[in-house]
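This is what each chain is made of:
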Amino acid sequence: MSITSTDYETFSAMLSQENIIVDAAEVQGILCGMLAGGMTADDQSWIEAISDVVNQGDGFSGKAKTQIVVLFNEICQQYVDPDFTLALCLPDDASPINDRGSALLNWVHGFLLGFGLHQADLTGCSEDVKEALEDFTEIARMDEKMKDDEESEKALFEVMEYVRITAMLCFHELGKSPLESENVTNSVH
């Protein structure tokens with residue numbers, strides 16, 4: 001199964017052209033958070049929820065809606081892929097380090113927002129998920145500029161990989177695969 005990834009620059013440019021106030025990273029983060037928080041893949045209310053959050057409640061144009069649905073479907077596919085293929089929608093490695101870091105913060109902020117829309121009660125979550133969400137909260141607060149050096153590149157890569165793996169951890173614990181959405185079961189993963 002081939003899993004494609006939405007290009008950050010192209011998707012962000014489309015959002016900007018449509019006067020949508022966030023970047024591709026934040027949109028993907030919100031969708032990832034909603035799914036990881038327990039929203040079922042067949043729950044069609046997500047498009048309205050994301051419209052409220054990123055487009056001041058206005059509906060999306062046909063082009064924007066189509067691209068957001070494509071992104072949503074990619075995320076659903078990547079979350080259930082056995083090879084852990086979730087690809088964060090961030091600027092490519094040739095982009096300035098602070099642009100990539102800023103986009104990662106937007107992604108994490110979006111994830112926390114989306115997660116909160118579908119998982120308000122953390123009492124049933126494992127300690128790993130609770131700790132991961134605390135880490136995400138700390139990551140979202142980071143705003144200092146990074147030096148453009150090898151040490152900063154390595155640190156950013158490690159945080160990006162931690163965020164990616166942690167999002168999948170949350171999904172695998174609380175999210176609902178498309179099969180579960182159809183059966184509406186509470187099976188153990």
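Residues numbered from 1 in each chain as written. Predicted model: local features only at pLDDT ≥ 70, side-chain atom pairs only at ≥ 80, totals over all residues. Heavy atoms only, no water.

### Side note on helix α1 (residues 8-17)
Turning to α1, its buried residues number three or more, namely Tyr8, Phe11, Ser12, Met14 and Leu15. For α1, the angular spread of buried residues about the axis comes to 155 degrees, placing them on one side. Seen from the buried face of α1, the exposed residues on the opposite side, beyond 90 degrees, are Thr10 and Gln17. Buried residues belonging to α1 abut α2 (24-36), α4 (62-80) and α5 (97-118). (Buried < 20%, exposed > 50% of the residue type's maximum accessible area, 1.4 Å probe, protein only. Helix = DSSP H or I, 4+ residues; strand = E, 2+ residues; numbered from the N terminus. Arc of directions from axis to C-beta. Contact = heavy atoms within 4.5 Å.)

### So, the nonpolar core
Of all hydrophobic cores here, the largest spans 53 residues; its most connected members are Leu31, Trp46, Tyr79, Trp107 and Phe111. Residue assignment for this core shows that the elements contributing at least two residues are α1, α2, α3 (46-54), α4, α5, α6 (127-141) and α7 (150-174). The element best represented in this core is α2, accounting for nine residues. In this structure Trp46 touches Leu31, Met34, Met39, Ile68, Val69 and Phe72, once residues within four positions along its chain are discounted. (Core = buried A, V, L, I, M, F, W, Y, C linked by side-chain atoms within 4.5 Å.)

### Some words on the environment of Leu86
Relative to the elements of secondary structure, Leu86 occurs in the loop between α4 and α5. Excluding residues that lie within four positions of it along the chain, Leu86 makes contacts with Cys32, Gln78, Tyr79, Arg164, Ala167 and Met168.

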